[in-house]
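Observations on the three-dimensional arrangement
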Amino acid sequence: MAAPMLRCISRSQWLGTQGLLGILPLVLREAHSAAQGLLAVQKARGLFKEFFPERGTKTELPELFDRGTGGKFPQTIYCGFDPTADSLHVGHLLALLGLFHFQRVGHNVIALVGGATARLGDPSGRTKEREALDAERVQSNARALSQGLKALAANHQQLFANGRTWGSFTVLDNSAWYQKQDLVDFLAAVGGQFRMGTLLSRLSVQTRLKTPEGMSLAEFLYQVLQAYDFYYLFQHYGCRVQLGGSDQLGNIMSGYEFIHKLTGEDVFGISVPLITSTTGAKLGKSAGNAVWLNRDKTSPFELYQFFLRQKDDLVERYLKLFTFLPLPEIDHIMQLHVTEPEKRGPQKRLAAEVTKLVHGQEGLASAKRCTQALYHSSIDALEVMSDQELKELFKEASFSELVLDPGTSVLDTCRKANAIPDGPRGYRMITEGGVSINHRQVTNPESVLVVGQHILKNGLSLLKIGKRNFYIIKWLQL
């Protein structure tokens, strides 16, 4: 197979394919003029951490969005997401929000799924090699990640656009160009553009080389493929900015050097901060502390609770990072919090905004119903909860389907659900107050179940034994 074409497109050639300023809608032209402000605002919010290169380029990054290219036409910005799992997690959200902020002022953004690079494993920020994934698993994960990215982009567009015109959001998979490459041809064409000394000097490489396990050739070449991704998107989509976590700066630098050497053009990188746990560990699959964005892995209730539990000393920073709320509104929320800290207003707003973005309005409503049902013993919330919500809320609970016979008692119910032991001990558990149905304590084992009290309108009963043991009963033939 032929080697990859390293075709150089100048800035003027790229602009010539894009049309004239006059045909752009007025709202887009106004949005572009505000992009330089976007960089400053997101830097102030803490979302944009570092810019590369900061100086010494023909066009500096703020100028890219303020005049010349940026003043006339939308820019294209990308961020990569490797499908090492079948779901995104909270650790990915900041990079996504960075893309969304650019999209909101009229620029075009690309979420690149690493269907090829995930098989190598990114060594950045890691002390040992990732577990190898076979091709079929990576492809399955890549499809799931693409669907997740599109769903998030759709929620963002539907719930936050308010009729405004935004830039495009495109999901690509880098396996589309790597699966066409011949290894020897690729190395002959691309490998000669990289210097070993430079690649070896990267912090991610140096850190790994000092460990007992060292670094594999596959991991070492990861930065080369990420650099080529940037080059490919620059050539085919005019992409000149790459977003990534702060641990990606070395890979971004490799992309800059590769593109600049081949084309003479300047491209740029912007890093976003890494979100860590209370112990300082990076949130993610590898650390075992991921808060997933797919509902079947982390329910809307669990995502909501994750942000609701954030401490006061973090919540203002997280409001700036994880939401689109204007800074003056965040200041106002924090001022109210000083006078009414018991209401946990900032935490509730943070949890609501993130859950709505990830799971939509219905996901947020589900999270609030579950919160009311579990922590506020709300019967009304229980009555409108679906089977799915109950299973999500009470993950460890036993789920039973029972037929309601005439005269079924509390004791009968507990025994059919295998919630209490047979004999006198189980009987005493009820009489001594250790059993509740739908958050109401029952102490008479012979009481007959009453629809509307023991059995909710949705045909469900929530049986609780002791403090933590839950049993969900779905009644049939009511």
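Looking up the protein chain in an unreviewed UniProt entry gives the name Tyrosine--tRNA ligase, with the organism given as Moschus moschiferus. Recorded in UniProt for the protein chain, the comment headed Subunit (unreviewed entry) runs: "Homodimer." Looking at the Sequence similarities (unreviewed entry) heading of the UniProt record, one finds this comment for the protein chain: "Belongs to the class-I aminoacyl-tRNA synthetase family."

Looking now at the packing of helix α13 (residues 222–237) against helix α14 (residues 249–263). Between α13 and α14, the shortest axis-to-axis distance is 8 Å and the interhelical angle comes to 50°. By the angle class used here, α13 and α14 are oblique. In terms of crossing hand, the pair formed by α13 and α14 is right-handed. Residues Tyr222, Gln223, Gln226, Ala227, Tyr228, Phe230, Tyr231, Phe234 and Gln235 of α13 pack against Asn251, Ile252, Ser254, Gly255, Phe258, Ile259, Leu262 and Thr263 of α14. Here the contact of α13 with α14 is composed, by residue class, of ten nonpolar, seven polar and no charged.

Once that is clear, we can look at the sheet that holds strand β1 (residues 50–52). Sheet strands associate in pairs through backbone hydrogen bonding, adopting either a parallel or an antiparallel arrangement. Here we have six strands laid out as an open sheet, ordered β1-β6-β5-β2-β3-β4, and mixed in their pairing. Each end of this open sheet is capped by a strand with a single partner; those strands are β1 and β4 (169–173). Averaged over all neighbouring strand pairs, the angle between strand axes comes to 25°, with direction disregarded. With three bridges connecting them, β1 and strand β6 (residues 268–272) associate as antiparallel partners. Bridged to Glu50 within β6 is Ser271. Here α13 sits on the sheet and contacts β2 (76–81), β3 (108–113), β4, β5 (239–245) and β6; the angle it forms with β5, its principal contact strand, is near 145°. α14 rests against β1, β5 and β6 of the sheet, and its axis sits at about 20° to β1.

Cut-offs used in this document
Residues numbered from 1 in each chain as written. Predicted model: local features only at pLDDT ≥ 70, side-chain atom pairs only at ≥ 80, totals over all residues. Heavy atoms only, no water. UniProt positions renumbered as here; feature names shortened; annotations may be inferred. Axes fitted to C-alpha atoms, helices over the stretch in contact; angles between N-to-C directions. Helix = DSSP H or I, 4+ residues; strand = E, 2+ residues; numbered from the N terminus. Parallel < 35°, antiparallel > 145°, perpendicular 65-115°, else oblique. Left-handed = near helix turned anticlockwise from the far one by under 90°. Contact = heavy atoms within 4.5 Å. Nonpolar A, V, L, I, M, F, W, Y, C, P; charged D, E, K, R; others polar. Pairing = 2+ DSSP bridges.

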